[in-house]
Structure formats: C-alpha cells, structure tokens
Amino acid sequence: SRSVKLALDMFSIVCIGGGVFFYVAGTVGLLRFPDSLSRLHALTKADSLGLGLVVLGLLPRAAGVLDAFKMVVVWALVMLSGASTAQLIGRALRRGRR
C-alpha cells in the first residue's frame, strides 16, 4: 500500500513536471521565434502536450471517477478549441501576408 502510494506520487510528479516543462518550452517559443506562424505552432503544440501531461498526472489524485472524467473532458475541450483557434489565427495571418 505504501509502495503503491509512492509510485502514484512519483508518477504524478513526473507527469506534472513534464507538463510544466512543455509549458515553459512553448512560452520560450512564443517569445523567441521570428514570425507569428512559427510562434503559434510552438505554442499550440507545447501547450497541448503540457496540458495532457498535467491532466495525466492529476488523474491519480482525482477524488472519484466523475472528477477524473471532468478533467479528461476539459482537456478534450481545450484540445478542440485550441486547434480550431489556431487554424483561424493561422488562416487570418496567411491572408494578411498576401
């Protein structure tokens, strides 16, 4: 029981730490890349993976199945809205270049 709790704690720490790493990497890409399309690409890819890892790390901490399901639904909605928003912004940027 104690070793299972330790394993879950380590799993959560590694996943959440990885998620934070990807959030920071996306922020660095946002600040350092030269043009808007490459900044958008870096930010959306890194933030999507970062949020996925944070949710994965928080799943063992959920109070119940319903709470875990809510986290997964929020992650899915963020993925859907982030991809749609990135497409719209990218399309607007490309039209503005012509």
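Residues numbered from 1 in each chain as written. Predicted model: local features only at pLDDT ≥ 70, side-chain atom pairs only at ≥ 80, totals over all residues. Heavy atoms only, no water.

Trainee: Would you take a moment to explain the layout of surface pockets for this structure?
Mentor: Rolled over the atoms, a probe sized like a water molecule indicates the empty space that remains. Volume-wise, the largest pocket comes out at about 460 Å³. Of all the secondary structure elements, the ones that give two or more residues to the lining of the largest pocket are helix H2 (36-58) and helix H3 (65-97). The element best represented in the lining of the largest pocket is H2, accounting for 9 residues. The residue inventory of the lining of the largest pocket, partitioned by class, reads 9 nonpolar, 6 polar and 3 charged. (1 Å grid on protein atoms, 1.4 Å probe; cavity = no way out; pocket = protein on both sides within 12 Å on 5 of 7 lines; lining within 4 Å. Points joined across faces, edges and corners; volume = space filled by probe spheres on them. Helix = DSSP H or I, 4+ residues; strand = E, 2+ residues; numbered from the N terminus. Nonpolar A, V, L, I, M, F, W, Y, C, P; charged D, E, K, R; others polar.)

Trainee: Is there a simple way to think about the pattern of salt bridges in this case?
Mentor: Pairs may arise between side chains of opposite charge once their charged atoms sit close together. What the rule picks out here adds up to 2 salt bridges. Salt-bridge contacts for Lys-5 lead to Asp-9; the nearest nitrogen and oxygen are separated by 3.3 Å. Linking Lys-5 with Asp-9, this pair stays in helix H1 (residues 2-32), spanning 4 residues, or about one helical turn. Across the pair Asp-9 and Arg-61 runs a salt bridge, and its minimum N-O distance is 2.3 Å. (Salt bridge = Lys/Arg side-chain N within 4 Å of Asp/Glu carboxyl O.)

Trainee: When you look at H2 in this model, what are you seeing that I'm missing?
Mentor: Working note: α-helix, 3.6 residues per turn, so residues spaced by three or four point in the same direction. Along its 23 residues, H2 runs 32 Å from first to last C-alpha, staying within 8% of the 33 Å computed at 1.5 Å per residue. What H2 keeps buried is the set Leu-40, Ala-42, Ala-46, Gly-50, Leu-51, Gly-52, Leu-53, Val-54, Val-55 and Gly-57. (Expected span 1.5 Å × (residues − 1). Buried < 20%, exposed > 50% of the residue type's maximum accessible area, 1.4 Å probe, protein only.)

Trainee: What should I look at first to understand H1 in this one?
Mentor: With 31 residues, H1 ought to run about 45 Å at 1.5 Å a step, and its terminal C-alpha atoms sit 45 Å apart, in line with that. Residues of H1 that are buried include every one of Ser-12, Cys-15, Gly-18, Gly-19, Gly-26 and Gly-29, and no others. In this structure, the buried residues of H1 make contact with H2. (Contact = heavy atoms within 4.5 Å.)

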